[in-house]
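Architecture and fold: a report
One-letter residues, chain by chain:
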Amino acid sequence: MARTALRRPLAVGAGLLMLVSGLGAVAMGQAQAAPDGQLAAWGLGIAGQRGDGSTAPTMIQAVSVVSTGALAGRTIVQVDAGVSHSCAVAADGLLACWGANDYGQLGNGLTGNQPTPTPQAVTGGILAGKQVVQVAAGYRHTCALTKDGILACWGDASQGELGNQPSASSAVPVAVFTGGTLAGRAVTQVSAGVDYTCAVASGAVTCWGDNLQGQLGDTSTTDRPIPVVTNASAGSALLGRTVTDVSAGFDHVCARSSDGSLACWGSNGSQQAFPSATLKKTAVPTLVDQGALAGRQVTQVSAGREFTCAVASGSVVCWGANDVAQMANGPASNTPQAIPALATTASPSALAGKTLTMVSSGAAHACAVATDGSLACWGSAESGALGTAGPASRSVPWSVTGPPGSGVMSGAIARSVTSGARFTIALTSSLPDPPTGITSVPGDALATVSWTAPKVTGGSPITSFVVQLSTDAGSTWTAATGSPVAATSTSLVVPNLANGVNVTFRVAAATAAGQGAYSGPTSVVRPAQGTPTAPPSAPVVTKPGAVQGLVGRSPRSRVVVLTWQPPVTGTVPSSYQLRRKQDGHRYSAWTSVTPSTLTIRHLKKGKKYSFAVRAANAAGFGPGTVVTLTVR
C-alpha cells in the first residue's frame, strides 16, 4: 500500500485519545458521564478544533465549546480530541464533530480545507438512525461505536485505517469489516491513532491500517486494510490476558488488561513503549512493569506522541520523551525517561494530595483529572495547550481549575480530559456525584436506607438527598415517604411498605445547581412482619429459591434478551448465574451475570437455545429456571 507523503507531522504531533468507559475506569479520553456535561477547550484552533466558533491560532485560557446547533440542549458524556479535529457524544446518542475536514473526517459528507469551528452532527452513512456510545478521533479519520454494537469509521483510508473492504476513503461513516478476525466478537472500545486504528473485541486487541512501526502488533510491519488480531501467543505480554482497554498513540500502542497489567508495542525511538535503548520498534506486545509501575495496578493508560502516561494506584506515571518536560517530574531533558516514574506531587505541583482517575497524553503535553474534579496539565504550552493563562511550559502539573486566569475552567469540576495536538478539551459538570455505599435493611412494613455523601459536589454544598423506591426491579421508581431529607442525613427510615413485597432503593444528592444522578440500586429487600430494623448479630443465610418470571425474547437477528425477578424464598441473592445450550449440544458452564436483565449477542440465527438462570448467595445456589426459544 502506498505511503502517505507526511508520515510524521512534526508541526502538529499526535494527541490521540479515546476510552473508556466508562466502561468503568475511563480509557483515553473516554469520559465519565456528567449529569450536565459541558465542554471547555483551549490551545491551538487554526482548524477550528477547539469548537468555540473561532479559528484563533492560540487560546491560552479555557473557552466554552459552542453548545448551539448540533449540541443545543444536550448533555455531553464523552469527548475525544484528535490531531486537528474533535468529536463528542451526547447522552441521547447523537455524535457531533468539528475542526479540520480535508479528508472527510467530520463525517458530514463533505471534504475540503475550510475549517469547521462549530460542532456538526454526524447522522449519515451506516450511523443513520443509530445511537453512538463512543467516538475516537485520529489524524485524518474518525471511528465510532454504536449502542447496538456497530463499529464505523470515516475519513482517509490511504493506509487502510477505516478497516473497510474494499479499502476506500469516505466522507460518511462506513462499517468496519466484521468478517475474519472480528467475526463473532463484540467490540467494546475503539482508539484511533495516526493512520491506524485499534479496538478491544471480546477481550482481545484487533488493529488495522498503517503498520510501519509494528503498531498493529501482529508480528509484522505490513499495512492491513482490514482488522487483524494483535499477537497474544507465546512471547507476547497479552498471552493469557483479557484486555479491557487500548490506547493508540502516534505510532505506538498500549493496552491494559483486567489484571491491571500493561503491555505496549510499536515505535520505541524515545522508549515511549518500553525500556530499551536498542530496540527502536517492536510488533510484539511487551510487558511494562518497571520502575514506578512495579507492584501497582494500572487503571488507565494514554499513549501520546513519543511518550506515555498511565494512572496506577491513583498516581500518574510517565515514560518516554522529556524534551518539554512531559514527565512532570522536573526540568526538561533531551534524554528520554526509559523507566516509568511518578509525576511529582511536591510543591508547587497541583497533584499534591490528589488521587487521580485519568490522564491524557497529547503531542507534547498531558493533563490529569483527580477524584475531587480538579484538573492539572504539564509539558509544552505551545499555542496555549496547558490552559494556564500564559505561554510558559510547565515541568510540574499546573492547575487549570484553580487560577482565575483559567477562563471558564476556573472553579469548574472536571469529569474527564482529552489532549489533542497542542490543544485540550475538558468535560465539566456543576452537579454532584451520586452518593455511594447505598444499603437497605428491611423491617416490619418498613426499610432503613443508608448512604455516604459524595465527595464531589460540583462546587456547591449539598442541600438535600432524594430517595426513590421500586417494587418492579427498577422498571419504575417513585418517591419514598419522607424524601427528600436534609443534607446532614445519611439514612432514612421508609415506612408504609408492603410486607412480603421485594423493594429496592436509590439515592441522589441535590445542590443549588440542581439534582445529580441517582446511585445504583440497593440489593433487593423484603419487609416482613416482626422483622427487626437492623440485621441480627448472627444472621441465618438460606439458599435462594428459583428465580421468578424468566422470559426470553429475540428482538432482532442473533440477539436474545432475558428478564427475570428475584426468588420469593430464601435469603436475598447476592448474584445470578447463567448457562445455555444450543439444541443438540451440552449446557455451557455456569457464569455470573448482571441480575434482572441480560442481552446475549452473536447467537446462531434460526437455532433453538435453552437458557438456565439461578440465584446465588452465601449459602449456595438455588435451582435453575429454564426458558427455551428460537433465535431470529
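This structure is a prediction, so every number in the text was calculated from the model and none was measured. Here, residues in each chain are numbered from 1, in the same order as that chain's written sequence. Totals for whole chains, interfaces and linings use all residues, but because this is a predicted model, local features are given only for residues with pLDDT of at least 70 and pairs of side-chain atoms are given and counted only at 80 or more. To get the side-chain values, take all heavy atoms of the structure and skip hydrogens and water.

Thoughts on the overall build of the protein
The number of helices and strands found in the protein is zero helices and 44 strands. What the globule rule says is 2.2 Å times the number of residues to the power 0.38, and the radius of gyration is computed from C-alpha atoms. Taking 632 residues into account, the globule formula puts the C-alpha radius of gyration at 26 Å, and the protein, at 25 Å, falls close to it. In terms of overall dimensions, the protein has a C-alpha envelope of 75 × 60 × 50 Å along the principal axes. Neither His nor the chain ends is counted toward charge; the positive residues are Lys and Arg and the negative residues Asp and Glu. A charged residue contributes its charge at one atom only: NZ of Lys, CZ of Arg, CG of Asp or CD of Glu. Computed over 38 positive and 24 negative side-chain charges, the inter-centroid distance for the protein is 11 Å. Helix and strand labels come from DSSP, where a helix needs a run of H or I of at least four residues and a strand needs a run of E of at least two; each type is numbered from the N terminus.

Re the pairing of strand β13 (residues 204-209)
Working definition: with a 1.4 Å probe on protein chains only, accessible area under 20% of the residue-type maximum means buried, over 50% means exposed, and in between means partly exposed. For β13, the buried fraction is high: six of the six residues fall into the buried class. Along β13, one buried face is formed by Ala 204, Thr 206 and Trp 208 and the opposite face, lined by Val 205, Cys 207 and Gly 209, is buried too. One bridge is not enough; two strands pair if DSSP finds at least two bridges between them. Judged from the six bridges that link them, strand β12 (residues 196-201) and β13 form a sheet pairing that is antiparallel. The residue of β13 that forms the bridge with Thr 197 is Trp 208. Relative to strand β14 (residues 224-229), β13 runs antiparallel, the two sharing three bridges.

Looking at the packing of aromatic side chains
Each pair of aromatic rings taken from Phe, Tyr and Trp, with Trp reduced to its six-membered ring, is defined by centres within 6.5 Å and is described as stacked if the planes are under 30 degrees apart, edge-to-face if over 60, and tilted in the remaining cases. All chains considered together, the criterion is met by three aromatic pairs. Residues Trp 451 and Phe 465 carry aromatic rings whose centres are separated by 5.4 Å and whose planes lie at 55° to one another, so their mutual orientation is tilted. One end of the pair, Trp 451, is in strand β30 (residues 447-452); the other, Phe 465, is in strand β31 (residues 462-470), and 14 residues separate them in sequence. Each of the two residues, Trp 451 as well as Phe 465, counts as buried. Measuring from ring centre to ring centre gives 6.0 Å for Tyr 609 and Phe 611, while their planes differ by 20°; the resulting arrangement is stacked. If you follow Arg 140 out to its NZ or CZ, it ends over the ring of Tyr 103, 4.5 Å from the centre. When the NZ atom of lysine or the CZ atom of arginine is within 6 Å of a ring's centre and also within 35 degrees of its normal, the charge is said to sit over that ring. Directly above the aromatic system of Phe 250 lies the positively charged group of Arg 305, at a separation of 5.8 Å from the ring centroid.

A closer look at the sheet that holds strand β9 (residues 151-155)
Across the sheet, four strands lie side by side as β7-β8-β9-β10; this open sheet has antiparallel pairing. Two strands close off the open sheet at either side, each with one partner strand: β7 (132-137) and β10 (170-175). Here the strands of the sheet are splayed against their neighbours by 20° on average, with no regard to which way each runs. Sheet topology places β9 next to β10; three bridges connect them, and they run antiparallel. Looking across to β10, one finds that Ala 152 is bridged to Ala 175. Axes here mean lines fitted to C-alpha atoms, for a helix over just the part in contact, with angles spanning 0 to 180 degrees between N-to-C directions.

Description of the pattern of salt bridges
Here, a salt bridge means any side-chain nitrogen of Lys or Arg that lies within 4 Å of a carboxyl oxygen of Asp or Glu. Scanning the entire structure with this criterion turns up 11 salt bridges. For Asp 259, the salt bridge goes to Arg 241, with nearest N and O atoms at 3.0 Å. With Asp 259 in the loop between β16 (252-257) and β17 (262-267) and Arg 241 in the loop between β14 and β15 (243-248), this pair connects stretches of sequence that are 18 residues apart. Taking the relative accessible area as the measure of exposure, Asp 259 reaches 37% and is therefore partly exposed. Owing to a relative accessible area of 29%, Arg 241 belongs among the partly exposed residues under this scheme. Salt bridges here are not isolated pairs; linked through shared partners, they connect Arg 140, Asp 156 and Asp 195.

Some points on the sheet that holds strand β24 (residues 365-370)
What links the strands of a sheet is backbone hydrogen bonding, and the strands pair in either a parallel or an antiparallel sense. Sheet architecture is open: four strands sit in the order β23-β24-β25-β26, paired in antiparallel fashion. Only two strands of the sheet have a single neighbouring strand rather than two, namely β23 (356-361) and β26 (394-399). The average undirected angle you get between the axes of adjacent strands in this sheet is 20°.

Some words on the environment of His 602
Relative to the elements of secondary structure, His 602 occurs in the loop between β41 (597-600) and β42 (608-617). Each C-alpha atom, one on His 602 and one on Ser 464, is 45 Å from the other, the two residues being 138 residues apart in sequence. Here, two residues are considered to be in contact whenever any of their heavy atoms come within 4.5 Å of each other. Ignoring anything within four residues of it in the chain, the contact list for His 602 reads Gly 184, Arg 185, Ala 186 and Arg 558.

Some points on the state of the cysteines
A disulfide bridge is the covalent bond that connects two cysteines by way of their sulfur atoms. Criterion for a disulfide: a pair of cysteine sulfur atoms within 2.5 Å. By the definition in use, this model includes six disulfides. Through a disulfide, Cys 87 is tied to Cys 97; the S-S separation comes to 2.1 Å. The S-S bond linking Cys 87 to Cys 97 shows a torsion near 110°; that makes this disulfide right-handed. One end of the pair, Cys 87, is in strand β4 (residues 85-90); the other, Cys 97, is in strand β5 (residues 95-101), and 10 residues separate them in sequence. Using a relative accessible area of 0% as the deciding quantity, one classes Cys 97 as buried. The side chain of Cys 367 participates in a disulfide bridge whose partner is Cys 377; the two sulfur atoms lie 2.1 Å from each other. For the disulfide bridge between Cys 367 and Cys 377, the dihedral angle about the S-S bond is near 105°, and by the sign convention the bridge is right-handed. One end of the pair, Cys 367, is in strand β24; the other, Cys 377, is in strand β25 (residues 375-379), with 10 residues separating them in the sequence. Exposure class is identical for Cys 367 and Cys 377. Each is buried. With its disulfide-bonded cysteines labelled consecutively along the sequence, the protein is connected as 1-2, 3-4, 5-6, 7-8, 9-10, 11-12.

Topic: the side chain of Gln 337
Residue position: Gln 337 is located in strand β22 (residues 333-342). Residue classification places Gln 337 among the buried residues on the basis of a relative accessible area of 16%. Polar contacts here mean pairs of N or O atoms no more than 3.5 Å apart (in protein, one a potential hydrogen donor and the other a potential acceptor; neighbouring residues in sequence count only if both atoms are side-chain atoms). Within the structure, Gln 337 has its side chain in polar contact with the backbone oxygen of Cys 318 (distance 2.9 Å). A distance of 2.9 Å separates the side chain of Gln 337 from the side chain of Asn 329, its partner in a polar contact. Sequence-distant contacts of Gln 337, that is, excluding residues within four places in its chain, are made with Cys 318, Trp 319, Gly 320, Met 327 and Asn 329.

Re the pairing of strand β19 (residues 298-303)
For β19, a buried count of five out of six residues is recorded, marking the element as mostly surrounded by other parts of the structure. One ladder, built from five bridges, connects β19 with strand β20 (residues 307-312); its direction is antiparallel. Along β20, the bridge assignment pairs Ala 303 with Thr 308.

Observations concerning unusual backbone geometry
Residue Pro 166 is bonded to the preceding Gln 165 through a cis peptide linkage, with omega at 0°. Among the secondary structure elements, Pro 166 is positioned in the loop between β9 and β10. In this structure, the amide linkage connecting Ser 483 to the following residue, Pro 484, adopts the cis form with an omega of 5°. Following the sequence through the fold, Pro 484 ends up in the loop between β32 (478-479) and β33 (485-486). Phi angles above zero are rare outside glycine, and Ala 473 is one such case at about 60°. Within the secondary structure, Ala 473 is located in the loop between β31 and β32. A positive phi is found at His 602, a non-glycine position, where the angle reads about 60°.

Here's the deal with the confidence of the model for the protein
Per-residue confidence from the predictor is reported as pLDDT, a score between 0 and 100. Per-chain confidence: the protein averages 89 in pLDDT, with 93% of residues scoring 70 or above. Here residues 1-35 is a poorly scored stretch, pLDDT under 50, and it has 158 contacts once near neighbours within four places are set aside; other chains count.

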